[in-house]
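# Working through the structure, step by step
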2 protein chains.
Amino acid sequence: MTVPHVDDVHPAWLPPEAFRAIGARRVLVLADGSPLSGTVRAEVADACARHGGAVAAPGEPYDLVLALASGGSLPPEAAALKGPELGPEGFLLARTGGVTAVLADAPAGLLYGFFAVVRLGEAAFEGERPAETHRPALERRMLDHWDNIDVHPVMGQVERGYSGGSIFWRDGVLHEDLTRVRAYARLLAATGVNAVAVNNVNVHAPEARLLTDRLDEVAALAAEFRPYGIRVHLSVNFASPIALGGLETADPADERVRAWWARTTERVYAAIPDFGGYVVKADSEGQPGPFAYGRDHADGANMLADALAPHGGVVHWRAFVYNHRQDWRDRSTDRARAAYDHFAPLDGRFRDNAIVQVKYGPIDFQTREPVSPVIAAMPDTRLAVELQVTQEYTGQQRHVCYLAPMWSEVLGFRFWGEGEPAVAEVIKSGGLVAVSNVGDDRYWTGHPLAQANLYAFGRLAWDPGLDPVAILDEWIGLTFVPGDDEGGERLRATLHGMMDGSWRTYERYTAPLGVGFMVRPGHHYGPDVDGYEYTPWGTYHFADRDGVGVDRTRATGTGYTGQYPKPWSEVYESLAECPDELLLFFHHVPYGHVLHSGVTVIQHIYDTHFAGAEEAAEIRALWAKLEGDGLVDPALHARVRELLDEQVRSAEEWRDQINSYFYRKSGVPDARGRTIY
Amino acid sequence: MTVPHVDDVHPAWLPPEAFRAIGARRVLVLADGSPLSGTVRAEVADACARHGGAVAAPGEPYDLVLALASGGSLPPEAAALKGPELGPEGFLLARTGGVTAVLADAPAGLLYGFFAVVRLGEAAFEGERPAETHRPALERRMLDHWDNIDVHPVMGQVERGYSGGSIFWRDGVLHEDLTRVRAYARLLAATGVNAVAVNNVNVHAPEARLLTDRLDEVAALAAEFRPYGIRVHLSVNFASPIALGGLETADPADERVRAWWARTTERVYAAIPDFGGYVVKADSEGQPGPFAYGRDHADGANMLADALAPHGGVVHWRAFVYNHRQDWRDRSTDRARAAYDHFAPLDGRFRDNAIVQVKYGPIDFQTREPVSPVIAAMPDTRLAVELQVTQEYTGQQRHVCYLAPMWSEVLGFRFWGEGEPAVAEVIKSGGLVAVSNVGDDRYWTGHPLAQANLYAFGRLAWDPGLDPVAILDEWIGLTFVPGDDEGGERLRATLHGMMDGSWRTYERYTAPLGVGFMVRPGHHYGPDVDGYEYTPWGTYHFADRDGVGVDRTRATGTGYTGQYPKPWSEVYESLAECPDELLLFFHHVPYGHVLHSGVTVIQHIYDTHFAGAEEAAEIRALWAKLEGDGLVDPALHARVRELLDEQVRSAEEWRDQINSYFYRKSGVPDARGRTIY
């Protein structure tokens, strides 16, 4: 194993400086001959070679010891830690008597422990540190790539990708040099991610073949991810038995179909023994699925689960199922209800290795949605929650929008009220999944500051209880290596000032009060208030001259509030209790309705849109102050500056379109007399 | 010359039966050795071979004589006709003493005379017919193809094409078999068209090379068009001297640039001696042009005119120039003004062989627009009017929309009032141009009934005074060959019932009262009332809760009405006098404004949209009655039936979206209580 370093690509949160604290010291590694142990050794050697430290041989003195508990003769610092079961990925971290020690039961834990020390930096080598046990809260922490092999005529190389092309494929073939994939694996491992699905859930013809005659490409990718403890998953097309297998059906009850999947899966495992499993988007937005054969989603998922079970694989079966050919005239159909209506009745019918993957909200990755009630409705099913690190609806990596605060709210949401389990507990065995925001861009994520979202995803998936601002601080420290001086403090404060509240800022200048969408159809960037209003997509706001919002109450609306357990079924139902930020998701109200904040809905729309655009300008102004003072690489500064110009322009466009739209409709002037066109 | 017949392609208005009247008779051709005379001979021979008639040798008896006046020893029927100058394309037609005679000064006239006899059919051989002189009213009658060589990722093979791929190119290369191109030339010649531009005015990289190293492809196409009297033109990229010539400038004042165009044009004429000339879209929607060099459109056009002049070619320079990056907040900028503002000041500065090509309306091929004031503003410039046979904004060949009534209104419009010249007279030396609706579809035009638009374009370009319903009747007769029996009468009546008023029907269910657009951005099909409202494209309706429309008056608006001469500058300016159908193009009015028709604007919107959708359903019902009675080919019937289903669906969608939109905005209920969602 060689530690991957890629020229001309930004090192993100693993610059050489991040390894100085370890690399300048004497490090003892006591591990086995496994590949992951080899990675830890290589990392340590690489850091020490760069920063003047040394890999300690047994018997030599050391400042840091990284030891497997199974490793027989443990040094006293490590031996003293032995105690609770750490599991396949956990580790203990302590410092006593001038020695920092990491102990793990398994090599993956050792690797995560190593990166924990990287994150701590010098602090890992100061004073005493009582033993801390670290275990991931969630079993699977996964990134889904929506990468295509060919450039899709509409969606491009990466669907909803805003960071250039795919790091896996270019022009229909796998990249010749996959060093960058390994560097990506390393970045992910440092955050705690342990699974990656490599291709788009909309599986077109060329990508379908990854399962069969292009399997060697998946194997090649797996070889790059493996040294960093990441298992590779594959999105598959439900109709593969027809398209690839020459059968005339993909019916999950058909024995030939089941045999085809079993055989095909066996071949996958022959090539990739640690293959993770399949990801499936079925009967959704035109993708094939079990409905064609009169089967349900459990039938479909279980068929694949059965093929994967003998090999230890799982199927991620997406719950993103709704009627995308809805008639906008029909106000009784509610897309928000769809996932629950399809999946809740199937609870208990899914195999143990079938994971139902649920988007965090009931619609589609909006800036603000209530948490999907499906998550509370399937106690006897392994559930994963799906987030979107790629900023499809949150600024497309042209806007600064740090999403961890939103994810933190989702993961901490308690369906059954205070004291009851939070979402993070519900999905313990299922996991957290997110659509990646990475491409072949020099900064990985297009917008350099969007790296923070990728980082924060991994960290929250490992520990959903982490404070998003603390994660951001960690990311700033690793990525920008600010010094302890005034300049370093200023840089840190500037980035917090720009990013801590950026999700709320984005929310302010876009669709108001949880109503969602209002984006340009197709590419989903920028405002178009009525863009989806009269379409089959089921995403409406119903604004007229009197009011706006979707009535999803049981009393007078679509009844969606009834999909929640108490207390939320009552809170959302009640106009008086419904939180302001979700008001228009649940209720249709007159423009004069007074919010808990004390202002009317229409004045709130004006106020937040003026405020949001101003905040965007302030974010830009903060960054501008860093120019030329040497705290940030000039090229990175220039890239962010250009993007901030676009963010400010776009925020003003949002402000003016939304304000004009609602002024034209309501006729209510701004109480503060600001310009509305 | 062989008369082209293409298997598996619908013969349009030239089915074998159309030649029966001629082909069953004895025909004498007295012509020269020119290619066009050869075409006439071949057509006659082909018809006679098929229908049992005979080509008469001199001295033999004949029923029809087609003779060139220059042809020395004219038979008496022809000699008697000699008189007025007929010009290069005119002909005389007469019947006396049982002989029908066509006399022409030039071979093209003979060909047009031949097709005139085809159109007449048996009527050409009945009774006596006093001599009629036929000359085209307009010098150039031209179809522009917006065909691409490669499939454009957004626009496809044919930009704004709704009839399959290009008949010229497929997958980046010229079709191997060009018989279909010749068959197309024949169809056009039968209507009077004498010029075709073969490629898209948005000239991308591959098409730019048609001017130089791919010139052989243009020559090959010209060889197919030539036998039917059609000259080939080429859309060129203004920046060709840079892209193809290796110069660093395309400045029309630069001698190297001028020399490059002269040299290049000389080579074009060496390969295609009867080459027609260039078509240019410059400084428009992102295309390069003279503005980059501080030159104006006359400078640009004249440069190309000078290169073409020695060879007898012309340049068509499009006046479709406007700011497509307009700020929607800025109500003072008016796209409707743009062409006039750019071009009117240049009147008198264009070379004699430079033709300024003006879209019929000031915006962009809408269902209803006032006639472009540019046409009245450049008396010292050769002007061509550009129509759009391809139904970009008029139903995309999925809707029946017979456009000749609209074109007839445009050509007959009198800028200076009754008794003053009509548009058709203004453009005499410039001509009429239209974007073709033809593709490699089996019916040429996707919708079989859209053939009528292509046919009518040629006929109106030849004689703008023709009655659109009479043209349609002619087209029905040729295409469907209805018999004189009840069935034939019924078929004829059905098609008139479906098509005569179909433009008005389409207008009723789409954007109201001349306001335009309200289509889905990008593909321009189907409704999206606000789709362009907050975009940079300059096409707005300004609807708010009180009213709708664009104030283009001098008194309070953009002043566009001032671009018209009297009386129209006064008529359009006046709210009281402005024609209803253009009211919202010129005025912003409250929903309660009462139209000349006696109803309010809002009630008019509801009424016309309910009526339009009903009429669409009636059109479908008329067609359905023809099913299975043998009057129409079953495959054609099925194709039209499917398209009518889509038209009815789409008309209802328009109805409901427009009605809901304006109901939500105005709050005014339908006086007749019909369903508005």
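Bear in mind the structure is a predicted one, so any value in this text is a computation, not a measurement.

Criteria and thresholds
- Residues numbered from 1 in each chain as written.
- Chains lettered and ligands numbered in written order.
- Predicted model: local features only at pLDDT ≥ 70, side-chain atom pairs only at ≥ 80, totals over all residues.
- Heavy atoms only, no water.
- Helix = DSSP H or I, 4+ residues; strand = E, 2+ residues; numbered from the N terminus.
- Rg over C-alpha atoms; globule rule 2.2 N^0.38 Å.
- Buried < 20%, exposed > 50% of the residue type's maximum accessible area, 1.4 Å probe, protein only.
- Contact = heavy atoms within 4.5 Å.
- Areas by Shrake-Rupley, 256 points an atom, 1.4 Å probe, with all protein chains shown as cover.
- Lys, Arg positive; Asp, Glu negative; His and termini not counted.
- Charge placed at Lys NZ, Arg CZ, Asp CG, Glu CD.
- Salt bridge = Lys/Arg side-chain N within 4 Å of Asp/Glu carboxyl O.
- Axes fitted to C-alpha atoms, helices over the stretch in contact; angles between N-to-C directions.
- Parallel < 35°, antiparallel > 145°, perpendicular 65-115°, else oblique.
- Left-handed = near helix turned anticlockwise from the far one by under 90°.
- Nonpolar A, V, L, I, M, F, W, Y, C, P; charged D, E, K, R; others polar.
- Pairing = 2+ DSSP bridges.
- Buried area = accessible area lost by both parts, 1.4 Å probe.
- Polar contact = N/O pair within 3.5 Å; in protein donor to acceptor, adjacent residues only side chain to side chain.
- Least-squares fit on C-alpha atoms with pLDDT ≥ 70 in both.
- pLDDT = per-residue confidence, 0-100.
- Expected span 1.5 Å × (residues − 1).

Helix and strand content of chain A: 22 helices and 20 strands. The C-alpha atoms of chain A give 25 Å as radius of gyration, which agrees with the globular expectation for 677 residues (26 Å, within 12%). Each of the three principal axes of chain A carries a C-alpha extent, and together these read 80 × 70 × 50 Å. The buried share among the 677 residues of chain A stands at 64%. Excluding contacts between residues fewer than 6 apart, the proportion of contacts in chain A whose partners are at least 24 apart in sequence is 73%. Working note: accessible area of chain A is about 22,700 Å², and carbon and sulfur atoms make up 51% of it. Taking the average location of the 62 positive side-chain charges in chain A and that of its 92 negative ones, the two points are 1 Å from each other.

Time to look at the pattern of salt bridges. Residue and element names in this part refer to chain B. Throughout the structure, instances matching the rule amount to 97 salt bridges over all chains. Across the salt bridge formed by Glu-409 and Arg-504, the nearest N and O atoms sit 3.5 Å from each other. Separated by 95 residues along the polypeptide, Glu-409 in helix α13 (residues 404-412) and Arg-504 in helix α18 (residues 502-509) bring together distant segments of the chain. On the accessibility criterion, Glu-409 (38% relative accessible area) is partly exposed. When its relative accessible area of 35% is taken as the criterion, Arg-504 is described as partly exposed. Residue Asp-629 pairs with Arg-490 through a salt bridge whose shortest N-O separation is 3.0 Å. Taken as a pair, Asp-629 in the loop between α21 (601-624) and α22 (634-666) and Arg-490 in helix α17 (residues 486-499) lie far apart in primary sequence, 139 residues in all. For Asp-629, a relative accessible area of 28% puts it in the partly exposed group. Residue Arg-490 is classed as partly exposed on the basis of its relative accessible area, which comes to 31%.

We now examine the packing of helix α21 (residues 601-624) of chain A against helix α22 (residues 634-666) of chain A. Residue and element names in this part refer to chain A. Relative to each other, α21 and α22 sit at 170°, their axes nearing to 9 Å. Taken together, the axis directions place α21 and α22 in an arrangement best described as roughly antiparallel. At the point where α21 passes α22, the crossing takes the left-handed sense. Its residues assigned to classes, the contact of α21 with α22 shows 19 nonpolar, five polar and five charged.

What follows concerns the sheet that holds strand β18 (residues 431-435) of chain A. Residue and element names in this part refer to chain A. Taken together, the eight strands give a closed barrel; going around it, the order is β7-β12-β13-β14-β15-β16-β17-β18, and neighbouring strands pair in parallel fashion. Neighbour to neighbour, the strand axes of the sheet diverge by 25° on average, direction disregarded. The sheet contact formed by strand β16 (residues 354-359) and strand β17 (residues 382-388) spans five bridges and is parallel. Residue pairing across strands places Ile-355 opposite Arg-382, the latter belonging to β17.

This part takes up the pairing of strand β13 (residues 231-235) of chain A. All names here are of chain A. Counting buried positions along β13 gives four out of five residues, so the element sits mostly inside the fold. With three bridges joining them, strand β12 (residues 195-197) and β13 adopt parallel strand pairing. By the bridge assignment, Ala-197 is partnered in β13 with His-233. Strand direction decides the pairing type here: β13 and strand β14 (residues 277-280), joined by three bridges, are parallel. Within the sheet, the bridge partner assigned to His-233 lies in β14 and is Gly-277.

Taken together, the contact pairs 26 residues of chain B with 26 residues of chain A. Contact between chain B and chain A buries roughly 2,500 Å² in total, counting both sides, with carbon and sulfur atoms accounting for 45%. Contact with chain A buries area across many residues of chain B, yet B:Tyr534, B:Arg545 and B:Arg664 alone supply 34% of it, more than any other trio. One can count six salt bridges joining chain B with chain A. Taken together, the connections running from chain B to chain A amount to 19 residue pairs in polar contact (both at pLDDT 80 or more). A per-class count over the side of chain B that touches chain A returns seven nonpolar, six polar and 13 charged.

Laying chain B over chain A is done by rotating through 180° and shifting 0.0 Å along the axis; what remains is an RMSD of 0.0 Å. Here the copies are linked by what is in effect a two-fold axis. By residue overlap, the copies meet face to face through one surface: 100% of the interface positions of chain B are interface positions in chain A.

So, about the environment of B:Leu466. All names here are of chain B. Position of Leu-466 relative to the elements: it lies in the loop between α15 (451-462) and α16 (468-480). Sequence separation of Leu-466 and Trp-317 is 149 residues, and the distance between their C-alpha atoms is 28 Å. Apart from residues no more than four positions distant in its own chain, Leu-466 is found in contact with Ser-408, Arg-459, Leu-460 and Ile-471.

Glancing now at the confidence of the model for chain A. This prediction gives chain A a mean pLDDT of 97; 100% of its residues lie at or above 70. Both scores are given for the predicted complex: the pTM is 0.94, the ipTM 0.91.

A:Lys566 connects to A:Pro567 through a cis peptide bond whose omega is 5°. With respect to the secondary-structure elements, A:Pro567 resides in the loop between β19 (547-548) and α19 (568-573). Notably, B:Glu285 is not glycine yet its phi reads approximately 50°, a positive angle. With respect to the secondary-structure elements, B:Glu285 resides in the loop between β14 (277-280) and α10 (297-308).

All names here are of chain B. Summarising the element assignment, Glu-207 is placed in helix α6 (residues 205-208). Arg-214 provides the closest opposite charge to the buried, salt-bridge-free Glu-207, at an N-O distance of 7.3 Å. Look past the residues within four positions of Glu-207 in its chain and what remains in contact with it is Asn-148, Ile-149, Asp-150 and Asn-199.

All names here are of chain A. Under the 1.5 Å per step criterion, the end-to-end length of helix α17 (residues 486-499) is 20 Å for 14 residues, consistent within 8% with the ideal 20 Å. Where α17 is concerned, the buried positions are Gly-487, Gly-488, Leu-491, Thr-494, Leu-495, His-496, Met-498 and Met-499. Where α17 is buried, its residues meet α15 (451-462), α16 (468-480), α18 (502-509), α21 and α22.

Residue and element names in this part refer to chain B. Spatially, β2-β1-β3-β5-β4-β6 is the arrangement adopted by the six strands of the open sheet, whose pairing is mixed. Both edges of this open sheet fall to β2 (54-56) and β6 (129-134), since each of them pairs with a single strand only. Averaged over all adjacent pairs, the angle separating strand axes in this sheet is 15°, with direction ignored. The pairing of strand β1 (residues 26-30) with β2 spans three bridges and is parallel. Note that in β2 the partner of Val-27 across the bridge is Val-55.

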